[in-house]
Amino acid sequence: ERLVQPGADDLERAAEAALRPRRLEEFVGQRVVRDQLSLVLQAALGRGRAPDHVLLSGPPGLGKTTLAMIIAAELGAPLRLTSGPAIQHAGDLAAVLSSLEEGEVLFLDEIHRLARPAEELLYVAMEDFRVDVVVGKGAGASAIPLALPPFTVVGATTRAGLLPAPLRDRFGFTGHLDFYDAEELERVLVRSARLLGVELHADAAAEVASRSRGTPRIANRLLRRVRDWAQVRGDGRLDLAAARAALEVYEVDALGLDRLDRAVLTALCTRFGGGPVGLTTLAVAVGEEPETVETVAEPFLVREGLVGRTPRGRVAMPGAWTHLGLTPPTPTDT
Ligand code: ADP
């Protein structure tokens with residue numbers, strides 16, 4: 001498992017639960033979304049009505065689930081958590097919807113992965129607070145409309161553009177989460193350290209923040225590894241030396257690149273002269289599946305301006321060479 005991957009499995013989600021901010025004012029950064037959401041929630045509370053449906057978009061690990069939980073907490077409403085991939089059939093969604101309490105917040109993670117029939121059921125439920133329950137089979141089947149109490153869908157997606165327009169239009173408010181800057185990640189880390197009961201030195205917080213790829217989930221994960229190192233090999237202090245030593249053990253470098261990221265860069269620069277080289281060839285060179293290279297390593301390398309995608313293949317950008325301590329080739333006349 002990669003230390004710097006943005007997603008989380010169930011086990012990690014359990015470890016994360018203790019570090020989640022519970023209220024909007026504890027939520028670090030994302031000032032614009034926080035401000036807008038605060039208005040939506042206060043207005044709904046003032047009217048004594050469920051707020052509009054909320055769509056949260058942004059890469060994994062930036063706080064979408066956390067915000068959904070905060071929305072329910074701020075409203076004093078019950079919360080139901082499910083996800084697009086967990087709902088296999090429209091009937092599964094109908095069962096969830098028809099059991100909602102008044103004012104309940106329904107969190108639908110990875111909403112872009114809902115199957116089409118479930119998606120259509122959801123439009124109607126969101127718009128008219130109604131599900132059509134199908135009874136019987138074949139020609140004798142009929143749909144019985146069932147009224148639902150008012151509720152609020154909080155949908156999360158890694159890319160709002162993946163949602164079909166009719167579904168997107170059912171959300172009264174869309175918040176886009178962006179990567180965090182170093183100062184915000186330091187605040188996340190200081191807060192997490194306090195909750196974990198460890199003292200994190202300011203320079204160590206800055207060091208971990210700068211290697212966390214703009215992602216609170218990764219920052220918290222690296223913090224746990226630094227804590228392990230300090231406990232087992234250090235003197236318990238989470239200082240700069242402990243942070244650096246721990247991250248060296250786990251092969252997370254100054255930019256937050258791990259071994260796979262660096263293998264991709266090294267192959268690109270030294271074996272293929274900086275490219276362009278096809279994804280499959282590059283993947284073979286690092287001993288990985290093309291999909292792994294494309295979905296796991298590449299997004300961050302492209303975001304950091306280390307790798308470029310061209311119609312003829314992947315190319316190393318000047319920063320890739322310098323990050324590896326190599327000299328970029330000087331452009332030659334052709
Ligand atoms: P997502 O649902 O977008 O994948 P999560 O809400 O599960 O992300 O957040 C991942 C972890 O990062 C959680 O442990 C959460 O506590 C932490 N986290 C995310 N955003 C923030 C934030 N703004 N302030 C503090 N912690 C955060």
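Reading guide: rules and limits
Residues numbered from 1 in each chain as written. Predicted model: local features only at pLDDT ≥ 70, side-chain atom pairs only at ≥ 80, totals over all residues. Helix = DSSP H or I, 4+ residues; strand = E, 2+ residues; numbered from the N terminus. Buried ≥ 20, exposed ≤ 12 C-beta atoms within 10 Å, placed from the backbone. Contact = placed C-beta atoms within 7 Å. Expected span 1.5 Å × (residues − 1). Bend = angle between axes of the 7 residues up to and from the residue. Pairing = 2+ DSSP bridges. Right-handed = clockwise from strand over helix to strand, strands pointing away. Near = placed C-beta within 6 Å. Nonpolar A, V, L, I, M, F, W, Y, C, P; charged D, E, K, R; others polar. UniProt positions renumbered as here; feature names shortened; annotations may be inferred. Axes fitted to C-alpha atoms, helices over the stretch in contact; angles between N-to-C directions. Parallel < 35°, antiparallel > 145°, perpendicular 65-115°, else oblique. Left-handed = near helix turned anticlockwise from the far one by under 90°. Core = buried A, V, L, I, M, F, W, Y, C linked by C-beta atoms within 7 Å. Arc of directions from axis to C-beta.

On a plain count of helices and strands, the protein comes out with 14 helices and 9 strands. Its C-alpha atoms put the protein at 70 × 50 × 35 Å along the principal axes. Within the span of the protein, comprising 334 residues, buried residues form 37% of the whole. Considering only contacts within the protein whose residues lie at least 6 apart along the sequence, 68% involve residues at least 24 apart.

Bringing unusual backbone geometry into the picture now. Here the bond from Gly 275 into Pro 276 is cis, since omega is 5°, no more than 30 degrees from zero. Relative to the helices and strands, Pro 276 resides in the loop between helix 11 (259–271) and helix 12 (279–286). Positive phi, normally seen in glycine, also occurs at Phe 129, with a value near 50°. Even without a glycine there, the phi angle at Glu 251 is positive, about 60°.

Compared with the 20 Å implied by 1.5 Å per residue over 14 residues, the 19 Å span of helix 13 (residues 290–303) between its first and last C-alpha is a close match. Of all the bends in helix 13, the largest measures some 50° and sits at Ala 297, one to four residues before the proline Pro 299. Elements in contact with the buried residues of helix 13: helix 11, helix 12 and strand 8 (307–310).

So, about the pairing of strand 2 (residues 79–83). Every regular strand shows the same layout, with side chains that alternate between the two sheet faces. The sheet contact formed by strand 2 and strand 3 (residues 105–109) spans 5 bridges and is parallel. Counterpart to Arg 80 in the pairing with strand 3 is Leu 106. On the question of chirality, the crossover connecting strand 2 to the parallel strand 3 by way of helix 4 (residues 90–98) is right-handed.

This next bit is on the site of the ligand. Around the ligand, a shell composed of 19 residues is seen, among which Glu 16, Gly 63, Lys 64, Thr 65 and Thr 66 lie nearest. Looking at the shell around the ligand, its residues break down into 8 nonpolar, 7 polar and 4 charged.

Here the focus is the UniProt feature "binding site: DNA" (unreviewed entry) in the protein. In the numbering used here, UniProt assigns the feature "binding site: DNA" (unreviewed entry) to Arg 309 and Arg 314. By the secondary structure assignment, Arg 309 is in strand 8. Overall, the presence of 15 C-beta atoms within 10 Å leaves Arg 309 in the partly exposed class. Residue contacts for Arg 309: discarding those within four places in its chain leaves Val 302 and Arg 314. Take Arg 314: it is sitting in strand 9 (residues 313–316). Accessibility expressed as a C-beta count within 10 Å gives 25 for Arg 314, which makes it buried.

Taken together, 5 strands build an open sheet; the order of strands is 2-3-6-1-7 and the sheet is parallel. Only two strands of the sheet have a single partner each, and these edge strands are strand 2 and strand 7 (173–176). Each adjacent strand pair in this sheet contributes to an overall mean axis angle of 15°, direction not counted. As paired elements, strand 3 and strand 6 (residues 152–157) share 4 bridges and run parallel to each other. By the bridge assignment, Leu 106 is partnered in strand 6 with Val 153.

This paragraph deals with the packing of helix 7 (residues 182–196) against helix 9 (residues 216–232). Between helix 7 and helix 9, the least distance of the axes is 10 Å, while the angle of their chain directions is 45°. Here helix 7 lies oblique to helix 9, going by the angle between them. Two packed elements cross with a definite hand, and for helix 7 against helix 9 that hand is right-handed. The segment helix 7 lies against helix 9, with Leu 185, Val 188, Leu 189, Ser 192, Ala 193 and Leu 196 engaging Pro 216, Ala 219, Asn 220, Leu 223 and Arg 227. Across the contact of helix 7 with helix 9, the residue classes tally to 8 nonpolar, 2 polar and 1 charged.

Attention shifts here to the nonpolar core. Membership of the largest hydrophobic core comes to 59 residues, with the highest contact counts inside it found for Ala 68, Leu 189, Val 208, Ala 219 and Val 226. Per element, the largest residue contribution to this core is 7 residues, and it comes from helix 9. In this structure, Leu 189 is in contact with Leu 200, Ala 205, Val 208, Ala 209, Ala 219 and Leu 223, ignoring residues within four places of it in sequence. Val 264, Cys 269, Val 296 and Ala 316 belong to the second largest nonpolar core, which has 17 residues in total.

This part takes up the environment of Arg 224. Relative to the helices and strands, Arg 224 resides in helix 9. A count of 17 C-beta atoms within 10 Å places Arg 224 in the partly exposed class. A sequence separation of 31 residues divides Arg 224 from Ala 193, and the C-alpha atoms of the two residues are 8.9 Å apart.

This brings us to the pairing of strand 3. A large share of strand 3 lies buried, amounting to 5 of its 5 residues. Residues Val 105, Phe 107 and Asp 109 line one face of strand 3 and the alternating positions Leu 106 and Leu 108 line the opposite face, and both faces are buried.

This part is about helix 5 (residues 116–128). Taking 1.5 Å per residue, 13 residues should reach 18 Å; helix 5 reaches 19 Å between its end C-alpha atoms and fits that length. Buried within helix 5 we find Glu 119, Leu 121, Leu 122, Ala 125 and Met 126. Buried residues in helix 5, looked at end-on, bunch into an arc of 160°, giving them a common side. Among the exposed residues of helix 5, those oriented more than 90 degrees off its buried face are Arg 116, Pro 117, Glu 127 and Asp 128. In the segment just after helix 5, Phe 129 is the residue with positive phi, at about 50°.

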